[in-house]
Amino acid sequence: MQFCYGLKDTLENKYDSKTGVYQYVNNRDSVITKKVFLKSDDILYMHRKANEIGLWNFPDTIGQKSAKSKAVPRYDITFNYKEKSKHVVIYGDFDGNPKLLDAAVQMRKVIQETLNQAEIRSGK
């Protein structure tokens, strides 16, 4: 699973479950890089939530890149499995189907909360 987010085209905040590298910009504008590995329970939880929320039915892009979107958050989510993968880009200024936006926001929150819990567990 890869998760990246940020403003404009610079996705400064990144996580890769394969390598455990977690990079983010803290509230002091410092770039923090850590090794944070998810437990198998974390992966299963995110997988179940992705199925529940309907990630596999999401379009590849929610919203569209525009001059306005350069000032709002962009989220890039990729789930990789042996035989399939799903990559979704979410623009924070999406003004289409509210149910789709709500589902995308839920998935983003699940990922961020899971990463925050894993970071706290790692104690680094």
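Caption draft 1: Summary view of the overall build of the protein. Secondary structure summary: the protein contains two helices and seven strands in total. Along the chain direction, N to C, the helices and strands of the protein fall in the order β-β-β-β-α-β-β-β-α. Since a compact globule built from 124 residues should have a radius of gyration of about 14 Å, the 14 Å found for the protein is in line with a globular shape. By principal-axis analysis of the C-alpha atoms, the protein measures approximately 40 × 35 × 20 Å. Each of the 124 residues in the protein was classed as buried or not, and the buried ones make up 40%. Looking at the protein alone, contacts between residues at least 24 apart form 58% of all its contacts between residues at least 6 apart.

Caption draft 2: Inspection of the nonpolar core at higher detail. The biggest cluster of nonpolar side chains holds 28 residues, and the ones touching the most others in it are Met 1, Phe 3, Phe 58, Ile 62, Phe 79, Met 107 and Ile 111. Elements that contribute at least two residues to this core include exactly strand E1 (2-7), strand E3 (21-25), helix H1 (40-53), strand E6 (73-80), strand E7 (85-91) and helix H2 (98-122). Ranked by the residues each element gives to this core, the list is headed by H2, at eight residues.

Caption draft 3: Molecular detail of the pattern of salt bridges. As enumerated under the stated definition, the model contains five salt bridges in all. In this structure, Lys 86 engages Asp 60 in a salt bridge whose closest nitrogen and oxygen atoms are separated by 3.4 Å. Of the two residues, Lys 86 is situated in strand E7 and Asp 60 in the loop between H1 and strand E5 (61-62); the sequence distance between them amounts to 26 residues. As a salt-bridge pair, Arg 74 and Asp 76 come within 3.7 Å of each other at their nearest N and O atoms. The class of Arg 74 is buried, set by a relative accessible area of 13%. The class for Asp 76 is buried, based on a relative accessible area of 13%.

About the cut-offs
- Residues numbered from 1 in each chain as written.
- Predicted model: local features only at pLDDT ≥ 70, side-chain atom pairs only at ≥ 80, totals over all residues.
- Heavy atoms only, no water.
- Helix = DSSP H or I, 4+ residues; strand = E, 2+ residues; numbered from the N terminus.
- Rg over C-alpha atoms; globule rule 2.2 N^0.38 Å.
- Buried < 20%, exposed > 50% of the residue type's maximum accessible area, 1.4 Å probe, protein only.
- Contact = heavy atoms within 4.5 Å.
- Core = buried A, V, L, I, M, F, W, Y, C linked by side-chain atoms within 4.5 Å.
- Salt bridge = Lys/Arg side-chain N within 4 Å of Asp/Glu carboxyl O.

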